[in-house]
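Overview (structure and organization)
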Amino acid sequence: MLFLLILLLGLLAQFFLPWWSIALVCFGLAIWKAQYGRHAFLSGFLAIGLTWLGGALFWHLATDGVLSNRVATMMTVNSAWILVAVTTFLGAMVGGVSALSGYLVRRLWE
C-alpha cells in the first residue's frame, strides 16, 4: 500500500513540482502509513527508484540516446547507461532515506 501510494503521488508530484518534492511525498506518506523502518525505506527506495528509472529510460529512448549521451559526456561518465543507473540510484536513495526519516519522526512522537 505504501509502495503504491509513494509511486503514484511521487509520479504526480514530479510532473508539477521540483525534483525534491519526492522527499516530501515519501516523508509525509511514511509518517502516515509506514509500519516498520525497513518497510518505509524499501517502499520509498523501490517506488522512487522505479519512477526515476522509468523517467530516465523514457528520455533516453525518446531522444535515441542523444540527450543522455551528451549529459554523460558533460559529467565525464563513459556511458549513458551508467548515467541512467546512477540517476536511478540517487533518486531511490532520496526516496528511501526520506521515507525512513518520516517513519522515525512518527516514532519519536509516539
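Residues numbered from 1 in each chain as written. Predicted model: local features only at pLDDT ≥ 70, side-chain atom pairs only at ≥ 80, totals over all residues. Heavy atoms only, no water.

**Section: the nonpolar core**
Among the nonpolar cores identified, the biggest contains 17 residues, and Ile 6, Leu 29, Ala 34, Ala 40 and Ile 48 are the most heavily contacted of them. Of all the elements in the fold, those that place two or more residues in this core are helix 1 (2-16), helix 2 (21-33), helix 3 (37-62) and helix 5 (80-109). When residues no more than four places from it in sequence are discounted, the contact partners of Ala 40 are Leu 2, Ala 30, Ala 34, Ala 99, Leu 100 and Tyr 103. (Core = buried A, V, L, I, M, F, W, Y, C linked by side-chain atoms within 4.5 Å. Buried < 20%, exposed > 50% of the residue type's maximum accessible area, 1.4 Å probe, protein only. Helix = DSSP H or I, 4+ residues; strand = E, 2+ residues; numbered from the N terminus. Contact = heavy atoms within 4.5 Å.)

**Details of the UniProt feature "transmembrane region" (unreviewed entry) in the chain**
Sites flagged by UniProt as "transmembrane region" (unreviewed entry) map to residues 6-32, 39-61 and 81-105. Regarding residues 6-32, the helix share stands at 85% and the strand share at 0%, and the terminal C-alpha atoms are separated by 11 Å. Strand forms 0% of residues 39-61 and helix 100%; the C-alpha atoms that close the span are 32 Å apart. (UniProt positions renumbered as here; feature names shortened; annotations may be inferred.)

**A look at the packing of helix 3 against helix 5**
Two elements in contact, helix 3 and helix 5, have axes whose closest approach is 7 Å; the angle formed by their N-to-C orientations is 150 degrees. The pairing of helix 3 with helix 5 is recorded here as roughly antiparallel in orientation. Considering only the axes of helix 3 and helix 5, their crossing is right-handed. Among the residues making up the contact of helix 3 with helix 5, the classes are represented as 18 nonpolar, 9 polar and no charged. (Axes fitted to C-alpha atoms, helices over the stretch in contact; angles between N-to-C directions. Parallel < 35°, antiparallel > 145°, perpendicular 65-115°, else oblique. Left-handed = near helix turned anticlockwise from the far one by under 90°. Nonpolar A, V, L, I, M, F, W, Y, C, P; charged D, E, K, R; others polar.)

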